[in-house]
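Chain and residue survey
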Amino acid sequence: MTRLTARRALFAVPVLLVVTFGVFAVAAASPFDPVKAYAGTAALGADQETLDRLRENLGVDRPFTARWWDWLTSAAGGDLGRSTVMRQPVAEVIGERLVWSALLCAVAFAVAVLLGTVLGVLAARRPGSLPDRAVTSLAYALEAAPVFWTALLAVWLFALKLDVLPAGGLTDTGSDQVTFGQVTSHLILPAGVLAVSQLPWFTLYVRQGVGDALAEDPVRGARARGLSERTVLLGHALRSGLLPVLTLIGSRVPELITGALLVETVFSWPGIASATVEAATSVDFPLLAALTTLATAAVLAGNLLADLLYGLIDPRVKLNEM
C-alpha cells in the first residue's frame, strides 16, 4: 500500500506541472482582460496610461511562462499568491469555501453509493422483473438528464411549488449566524440533486455486478447447501458484485466536481463554484491555477482510493504488483 501510494504521488508531480502550465497558457489566450475585471466600473473612465500602469502592477504584462514559474516556486513554498478578483490570499479564498464544497460532495456521494447499491441489488435479484425494468428505466432516464436541469426542476417543485425546502443559500434570509438546522435544510436540495446525477452509474454497475455474481458457481453452491436467499445475496453475491463499483469511484470524481460546480451555482451554495467562475472570467491566474490543481489532485486521489479499496477487498489483487 505504501509503495503504491508513493508511486502515485511521484506520478502526480509531472501531471500537476502540466496542468498548471496549461491553465496559465489558456488563461493568457483568454479574451477576458484581467485589468478591467480588477478595476471594475472604474476602468470605463480610466485612460490607457492608468490601465497600463495597473497592468504592470498586477504583473499581467509579463509572459505567461514567467508568471507560471513565479507562481509555481511560490506555491512550492506554501504561498499560493493573492487573488486579484477576491482581493485576498488564495489560501484564504479556498479555505473559506472548500469545507462547504467538501460537505456537499461527501453527502451527495454517500447517498448515491448507498441508494445505488440498494436499487442495484433490488434490480439484480430477478432480472427482467417489474422492479428490474423500473429501476433500470429510471437509471437511464436520470443518466440522460443534465444536472442543471434537474437542479432547476428541484427548485421549482420543492421550493416554489411545494414550499417545503429553501431554494438556495447556506442559511435563512436575514440570519446572522450559521446553525446546524439551517445548514441541514439548505443542504437537502443541492446534495439530493448532486446525488441523483451520480445515482444511475452506481445503480447500473451494482445491478450488473450482482447479477453476474448470482450466476457464478460459488453462489450456486451456496444455494445448493441450503443457505437462505438473504445470506446468498448479501454474503456472497453482493461482495463480489461490488468490486466493479470500486473502480467506478475514482472515475466519477471528475464528473462529481463538475456537477458540484453547476449545483452550487444554481443553489447559491457558498463553495468553490463562484470562486472558480470569477477566477475564469477575470483571468485570476493564481486562484485559477490553485483551484485547477486542487481539482486535479482530487481526481488523482479518487483513482488511488479506488485502487486501494480494490486491492484490500479482492484477495486476487496484490497491491505490490499494481
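Report on the accompanying structure.

Reading guide: rules and limits
- Residues numbered from 1 in each chain as written.
- Predicted model: local features only at pLDDT ≥ 70, side-chain atom pairs only at ≥ 80, totals over all residues.
- Heavy atoms only, no water.
- Helix = DSSP H or I, 4+ residues; strand = E, 2+ residues; numbered from the N terminus.
- Buried < 20%, exposed > 50% of the residue type's maximum accessible area, 1.4 Å probe, protein only.
- Contact = heavy atoms within 4.5 Å.
- Areas by Shrake-Rupley, 256 points an atom, 1.4 Å probe, with all protein chains shown as cover.
- Axes fitted to C-alpha atoms, helices over the stretch in contact; angles between N-to-C directions.
- Left-handed = near helix turned anticlockwise from the far one by under 90°.
- Nonpolar A, V, L, I, M, F, W, Y, C, P; charged D, E, K, R; others polar.
- Phe/Tyr/Trp six-rings, centres within 6.5 Å; stacked < 30°, edge-to-face > 60°.
- Salt bridge = Lys/Arg side-chain N within 4 Å of Asp/Glu carboxyl O.
- Patch = residues over 30% accessible without salt bridge, like charges linked within 9 Å, V, L, I, M, F, W, Y side chains within 5 Å.
- Core = buried A, V, L, I, M, F, W, Y, C linked by side-chain atoms within 4.5 Å.
- Expected span 1.5 Å × (residues − 1).
- Arc of directions from axis to C-beta.

With that settled, consider the overall build of the chain. Per the secondary structure count, the chain includes 13 helices and two strands. Out of the 322 residues in the chain, the part that is buried amounts to 38%. A sequence separation of at least 24 residues applies to 73% of the contacts in the chain between residues at least 6 apart. Of the roughly 17200 Å² of accessible surface on the chain, a fraction of 65% belongs to carbon and sulfur atoms.

This part takes up the side chain of S83. Here S83 lies in strand β1 (residues 82-83). Overall, S83 belongs to the buried group, its relative accessible area being 1%.

The subject of this paragraph is the packing of helix α5 (residues 90-125) against helix α8 (residues 180-214). Where α5 contacts α8, the axes come no closer than 4 Å and their chain directions differ by 35°. Along this stretch, α5 crosses α8, giving a crossing that reads as right-handed. Along the lines of polarity and charge, the residues of the contact of α5 with α8 split into 26 nonpolar, six polar and two charged.

Counted by the stated rule, this structure contains four aromatic pairs. Where F21 meets W68, the ring centres are 5.1 Å apart and the plane angle is 85°; that geometry is what we call edge-to-face. In this pair, F21 is assigned in helix α1 (residues 2-28) and W68 in helix α4 (residues 64-76), connecting sequence segments 47 residues apart. The class for W68 is buried, based on a relative accessible area of 14%.

The next point concerns the pattern of salt bridges. Tallied over the entire structure, the rule returns two salt bridges. In this structure, the salt-bridge partner of R207 is D132, at a minimum N-O distance of 2.6 Å. Linking R207 in helix α8 with D132 in helix α6 (residues 130-144), this pair joins segments that are 75 residues apart in sequence. Owing to a relative accessible area of 25%, R207 belongs among the partly exposed residues under this scheme.

So, on to a nonpolar patch on the surface. Together, F148, W149, L152, L153, W156, L160 and L262 make up a nonpolar patch on the protein surface, roughly 740 Å² of accessible area in all. Structurally, L262 can be placed in helix α11 (residues 243-267). Residue L262 is classed as partly exposed on the basis of its relative accessible area, which comes to 37%.

Right, let's talk about the nonpolar core for a bit. The nonpolar side chains of soluble globular proteins are, as a tendency, buried together. One finds L104, V193, L194, F202, V210, V263 and F267 to be the most contacted residues of the largest nonpolar core, which totals 39 residues. Secondary-structure elements contributing two or more residues to this core are α5, α7 (147-161), α8, α10 (229-241) and α11. When residues of this core are assigned to their parent elements, the largest contribution, twelve residues, is made by α8. Among residues more than four places away in sequence, those in contact with L104 are L187, P190, A191, L194, V263, E264 and W269. F24, V90, L287 and L291 belong to the second largest nonpolar core, which has 21 residues in total.

So, about the environment of W149. Position of W149 relative to the elements: it lies in helix α7. Residue W149 is classed as partly exposed on the basis of its relative accessible area of 47%. In this structure the C-alpha to C-alpha distance between W149 and V193, which are 44 residues apart in sequence, comes to 9.8 Å.

Moving on, we get to the environment of F267. Here F267 shows up in helix α11. Taking the C-alpha atoms as reference, F267 lies 6.4 Å from A167; in sequence the two are 100 residues apart. Apart from the residues within four sequence positions on either side, F267 is in contact with A151, V155, A167, G168, G169, L189, P190 and V193.

This part is about α4. In a regular helix each residue adds 1.5 Å, so 13 residues correspond to 18 Å; α4 covers 18 Å between its end C-alpha atoms and thus fits that length. Taken together, the buried positions of α4 are occupied by R67, W68, W71 and L72. Down the axis of α4, the buried set is contained in an arc of 130°. They therefore lie on one face. Looking one or two residues beyond α4, the residue adopting positive phi is G78, at roughly 95°.

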